[in-house]
Amino acid sequence: MTPNDREQKVTALIDKLCLTQQLKRSEWITVIRERTPAAAEHLFELARAVRIHHYGHGIYIRGLIEFTNYCKNDCYYCGIRKSNPNAQRYRLSEEDILSCCEQGYDLGFRTFVLQGGEDGWFTDERLCDIVSGIRAQFPGCAITLSVGERSYDSYKKLYDAGADRYLLRHETYDERHYGRLHPPALSASHRKQCLWDLKKIGYQVGTGFMVGSPYQTVENLADDMLFLAHLDPQMVGIGPFVPHHDTPFADMPGGTVELTVYMLGLIRLLLPRVLLPATTALGTIAEDGREKGILAGANVVMPNLSPLQVREKYLLYDNKICTGDEAAESLNSLKKRMENIGYHIEVSRGDSLNI
Ligand code: 5AD
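Here is what the cut-offs are and how they apply
- Throughout this document, residue positions are counted from 1 along each chain, in the order its sequence is written.
- Owing to the predicted nature of the model, reporting of local features is limited to residues with pLDDT of at least 70; listing and counting of side-chain atom pairs is limited to 80 or more, with chain, interface and lining totals taken over all residues.
- Excluding hydrogens and water, the side-chain values take into account all heavy atoms of the structure.
- Numbering of helices and strands runs from the N terminus; a helix is a DSSP stretch of H or I covering at least four residues, while a strand is a stretch of E covering at least two.
- Here the expected length of a helix is defined as 1.5 Å per residue gap, with one fewer gap than residues.
- Partly exposed residues are those whose accessible area sits between 20% and 50% of the maximum for their type, while under 20% is buried and over 50% is exposed, using a 1.4 Å probe and protein chains only.
- The term nonpolar core refers to a set of buried residues drawn from Ala, Val, Leu, Ile, Met, Phe, Trp, Tyr and Cys, joined through side-chain atoms within 4.5 Å.
- The contact criterion used throughout is that any non-hydrogen atoms of two residues lie within 4.5 Å.
- UniProt positions are given in the numbering used here, feature names are shortened, and annotations may be inferred rather than shown by experiment.

Over its 14 residues, helix α9 (residues 218-231) runs 20 Å from end to end, which matches the ideal 20 Å to within 8%, given 1.5 Å per residue. Of all 14 residues making up α9, 10 are buried, and the element is well covered by its neighbours. Considered for burial, the residues of α9 that qualify are V218, N220, L221, A222, D223, D224, M225, F227, L228 and L231. Phi for D232, located one or two positions after α9, is positive at around 50°.

The subject of this paragraph is the nonpolar core. If you look at the biggest cluster of nonpolar residues, it comprises 101 residues, and the most contacted ones within it are V31, F112, I134, M263 and L266. In terms of residue count, the dominant contributor to this core is helix α10 (residues 257-270) (10 residues). Among residues more than four places away in sequence, those in contact with M263 are I32, F209, V211, L221, M225 and I238. Membership of the second largest hydrophobic core comes to nine residues, among which are Y55, L167, L275 and V300.

Moving on, we come to the UniProt feature "domain: Radical SAM core" (unreviewed entry) in the protein. Mapped onto this structure's residue numbering, the UniProt feature "domain: Radical SAM core" (unreviewed entry) falls at residues 57-279. Each end of residues 57-279 is marked by a C-alpha atom, and these two atoms are 18 Å apart; helix forms 39% of the span and strand 17%.

Moving on, we come to unusual backbone geometry. With phi around 70°, Y215 is a residue other than glycine that occupies positive phi space. Within the fold, Y215 resides in the loop between β6 (204-211) and α9. One non-glycine residue, N319, lies in the positive phi region at around 65°. Positionally, N319 belongs in the loop between α13 (308-311) and α14 (331-340).

Put into structure tokens, the structure is as follows:
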């Protein structure tokens, strides 16, 4: 096949995905492996059209509150892994968290995302108290949790306390690849079970993966896309892998902007109504990363609402941006950046169209 034939083949697969919202495994592999800059441009045009059809030019904002960086897990890629002695650990009190929400509300946030490591201090009782406290004070806001793997019962209690949404990346579909990124105590199958549990309980569910994580193959990414099609989540978070100096993957190469935005475009075509953030990791590896993400079909940004003094301690990877336009208090400059590319920020809960 000539390069031209290959490009035509990829373009035809992108068109097929757009029309049918599905591809076979071998087609996913081809559409990812054989991509070219021209095929990517074609993909982004379609992804923007699909996104604009469902969501117009609005961008939803979520206020991210990183409330604990204690974690019992030891994921090889993550800067707040248990065995990193250099991480300065912190946890926010319920009072701190509520005051983040108040500030966020005044800035225009109507979704609060409580994210943390798997910290045993936050028992069901403590976490439910926090969730119901936020629910009582902000009845019109969405509460999203991102606190890792818990039992069905625990997820149910948190849902009954007032949480609406849950983010839990599957990280990688493939068991063997999962095993190369995580210690033996964690498994891909348990992670997936958690996602099905969350869905059954009634949460709006978000999953996702890192792009360019160590040992990731094109086949792994194809399986990730098939898993997304199967789970049909309301939200998908993907971002490039970015090495952290205090982890076993310190010297591994990071993921690229190019492949990350290509995957964003594919996800928009696969799940047309999905809520798709241009993530902090993407904004970290390129100054215009978030704009590129939006122009590839993303429709959510998640500025940081955590108290300033703890922000640089929630360091999942090196150079993670947390002030500047990434900060909730710089919403105005984020607004301008989005307006510069023809989009605008919406003040609303921004629920999925898919519930
Ligand atoms: N690079 C990029 N993303 C990371 N995450 C954790 N560590 C890294 C890293 N080094 C992502 C994981 C996790 C989410 C909270 O952050 O995918 O699910």
